[in-house]
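# Close look at the chain arrangement
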Amino acid sequence: MAKLRKMLGDADSPECIAMMRLIETQSETTLARWALGYVESRILPVYKKRAGGDRRLDALVQTCQQVVQLHQPGKTGKPWIKEAGQIARETSDPVAQAAARAIAAACGTLTTPTSALGFLFYATAALVYDQGLDLSTSEMEELTRQIWQDAHASLSAQSVRNEPCPAKIQWHC
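Keep in mind that this is a model prediction, so the values were computed, not measured.

A separate point is the overall build of the protein. Scanning the protein from terminus to terminus reveals seven helices and zero strands. The N-to-C order of helical and strand elements in the protein reads α-α-α-α-α-α-α. At 15 Å, the protein has a C-alpha radius of gyration in line with the 16 Å of a compact globule built from 173 residues. For the protein, the spread of C-alpha atoms along the three principal axes comes to 50 × 35 × 25 Å.

What follows is the structure in structure tokens.
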């Protein structure tokens, strides 16, 4: 088995570029709400399955969602973002670790809107590796493309048309 990567995806892929363009059109609130909802529905189940039912990240995602719903400043969530990162570092299973990193990065959208893209690299690793650690390179690449396309569709479904206050994004990738 080849060495597992922490993240899967290519910043130069058509799927990633399409996601970047879509993210640029949305507000920080929309991005945070979407990222937290995405990890809650797709990544937390993977984490709990692989981490023996550990529910600590459930509470952190819920708390971060409350920050968004109550329109609190993003920095309010910094302690929970830090705690999620610590949980990821403590996790030894590679799939659970990728899921925990994705969740921590999604929580990071409270303070950094570009994390709405960044968390997807970890989430993709978690979802692909959850399918099997012995997949061929071509199978991993196809799953990666599908996951990025699904994420784009998910954000598109929640996006605000003609968003009056899109996030100010500067990509460094």
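Now that the structure has been shown, we can carry on.
If you look at the biggest cluster of nonpolar residues, it comprises 59 residues, and the most contacted ones within it are Trp 34, Tyr 38 and Phe 119. Leaving out residues up to four positions away in the same chain, Phe 119 has contacts with Trp 34, Ala 35, Tyr 38, Val 39, Ala 102, Ala 105 and Ala 106.

Another point: the environment of Glu 40. Relative to the elements of secondary structure, Glu 40 occurs in helix α2 (residues 28–50). Considered as a pair, Glu 40 and Ala 84 are 44 residues apart in the sequence and their alpha carbons are 13 Å apart. When neighbours within four sequence positions are excluded, Glu 40 is seen to be in contact with Pro 45, Val 61, Gln 62 and Gln 65. A polar contact is formed between the side chain of Glu 40 and the side chain of Gln 62, at a distance of 2.7 Å.

One can describe the packing of helix α1 (residues 14–23) onto helix α6 (residues 115–131) by two numbers: an axis separation of 10 Å at closest approach and a directional angle of 150 degrees. Compared by their axis directions, α1 and α6 come out roughly antiparallel. When you trace α1 past α6, the crossing you get is right-handed. Contact residues: Cys 16, Met 19, Met 20 and Ile 23 in α1; Ala 116, Leu 117, Leu 120 and Phe 121 in α6. In the contact of α1 with α6, the residues fall into eight nonpolar, no polar and no charged.

Structurally, Arg 101 can be placed in helix α5 (residues 94–107). For the buried Arg 101, no salt bridge is present, and the opposite-charge side chain at shortest range is Asp 93, 11 Å distant. Ignoring sequence-local partners within four residues, the contact set of Arg 101 consists of Lys 6, Ala 88 and Tyr 122.

The subject of this paragraph is the environment of Thr 63. With respect to the helices and strands, Thr 63 occurs in helix α3 (residues 56–69). It is 9.4 Å that separates the C-alpha atoms of Thr 63 and Cys 107, two residues lying 44 residues apart in sequence. Engagement of the side chain of Thr 63 in a polar contact is seen with the backbone oxygen of Ala 59, the distance being 2.8 Å.

Given a rise of 1.5 Å per residue, 22 residues ought to cover 32 Å, and the 32 Å separating the end C-alpha atoms of helix α7 (residues 137–158) matches this to within 8%. Those residues of α7 that fall on the buried side of the exposure criterion are Met 140, Thr 144, Ile 147, Trp 148, Ala 151, Ser 154 and Leu 155. Projected onto a plane normal to the axis of α7, the buried residues spread over an arc of 120 degrees and lie on a single side. In α7, the exposed positions angled more than 90 degrees off the buried face are occupied by Ser 138 and Ala 157. For α7, the secondary structure elements touched by its buried residues are α1, α2 and α6.

Parameters and conventions
Residues numbered from 1 in each chain as written. Predicted model: local features only at pLDDT ≥ 70, side-chain atom pairs only at ≥ 80, totals over all residues. Heavy atoms only, no water. Helix = DSSP H or I, 4+ residues; strand = E, 2+ residues; numbered from the N terminus. Rg over C-alpha atoms; globule rule 2.2 N^0.38 Å. Core = buried A, V, L, I, M, F, W, Y, C linked by side-chain atoms within 4.5 Å. Buried < 20%, exposed > 50% of the residue type's maximum accessible area, 1.4 Å probe, protein only. Contact = heavy atoms within 4.5 Å. Polar contact = N/O pair within 3.5 Å; in protein donor to acceptor, adjacent residues only side chain to side chain. Axes fitted to C-alpha atoms, helices over the stretch in contact; angles between N-to-C directions. Parallel < 35°, antiparallel > 145°, perpendicular 65-115°, else oblique. Left-handed = near helix turned anticlockwise from the far one by under 90°. Nonpolar A, V, L, I, M, F, W, Y, C, P; charged D, E, K, R; others polar. Lys, Arg positive; Asp, Glu negative; His and termini not counted. Salt bridge = Lys/Arg side-chain N within 4 Å of Asp/Glu carboxyl O. Expected span 1.5 Å × (residues − 1). Arc of directions from axis to C-beta.

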